Amino acid sequence: KKLLLINGPNLNLLGTREPGIYGHMTLTDIENNLKAQATKEGFSLTVFQSNHEGALIDRIHQAKTDDMAGIVINPGAYTHTSVAIRDALAGVGIPFVEVHLSNVHKREAFRHHSFLSDLAVGVVCGLGWKGYGYALRFLAELPAD
Ligand code: DQA
């Protein structure tokens, strides 16, 4: 099963970015852990990070061409602003899980709304980097329609 992990803006700064909120692991550390999980659990994992809305949209479109079975996406701040990323996910129709490292509901009010959540299979937030792993495992175990 082919799964895609997408991280949006500022997540390349993980490890040094507000570690009290986002933890001390770098994105590379996290991706390496998830790749080890993929090998162990028998799914294929492609990872992508960009700070650019259009690049994220292009990657979502490509997921369709690449026949990805599921997407785990942490859109960063675009979660709260991007109708375009919402439309891209709706457009490809690939099941996705929205993940946030932090518990966005414990934070500023502007982080409480997501343009994606109602389209997602589910949402994981506040569980740190392990949230990605739980979401990937869920998608890996999802029966093909
Ligand atoms: C985030 C939460 C967002 O509100 C924030 O803009 C991020 C990271 C998280 O993983 O907790 O960049 O998506």
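Calculation notes
Residues numbered from 1 in each chain as written. Predicted model: local features only at pLDDT ≥ 70, side-chain atom pairs only at ≥ 80, totals over all residues. Heavy atoms only, no water. UniProt positions renumbered as here; feature names shortened; annotations may be inferred. 1 Å grid on protein atoms, 1.4 Å probe; cavity = no way out; pocket = protein on both sides within 12 Å on 5 of 7 lines; lining within 4 Å. Helix = DSSP H or I, 4+ residues; strand = E, 2+ residues; numbered from the N terminus. Contact = heavy atoms within 4.5 Å. Buried < 20%, exposed > 50% of the residue type's maximum accessible area, 1.4 Å probe, protein only. Axes fitted to C-alpha atoms, helices over the stretch in contact; angles between N-to-C directions. Parallel < 35°, antiparallel > 145°, perpendicular 65-115°, else oblique. Nonpolar A, V, L, I, M, F, W, Y, C, P; charged D, E, K, R; others polar.

(A) Region of the structure containing the UniProt feature "binding site: substrate" (unreviewed entry) in the chain. In the numbering adopted here, UniProt assigns the feature "binding site: substrate" (unreviewed entry) to Asn 74, His 80, Asp 87, Leu 101, Ser 102 and Arg 111. A maximum C-alpha distance of 24.3 Å is found for the annotated residues, which run over 38 residues; spatially they are spread out rather than grouped. When only the residues just named are considered, the second largest pocket is lined by Asn 74, His 80, Leu 101, Ser 102 and Arg 111. The residue Asn 74 is located in strand β3 (residues 70-74) in this model. Those residues in contact with Asn 74 that sit more than four places away from it in its chain are Ile 6, Asn 7, Gly 8, Leu 11, Val 99, His 100, Leu 101 and Tyr 132. As for its placement among the helices and strands, His 80 is situated in the loop between β3 and α4 (83-92). For His 80, a relative accessible area of 17% translates into the label buried.

(B) Examining the packing of helix α3 (residues 53-65) against α4 more closely. Following both chains from N to C, one finds α3 and α4 inclined at 5 degrees, their axes separated by 9 Å at the closest point. As summarised for this structure, α3 and α4 are arranged roughly parallel, according to the angle between their axes. Residues Glu 53, Leu 56, Ile 57, Ile 60, His 61 and Lys 64 of α3 touch α4, and the partners they reach there are Ala 84, Ile 85, Ala 88, Leu 89 and Val 92. When its residues are assigned to classes, the contact of α3 with α4 shows eight nonpolar, one polar and two charged.

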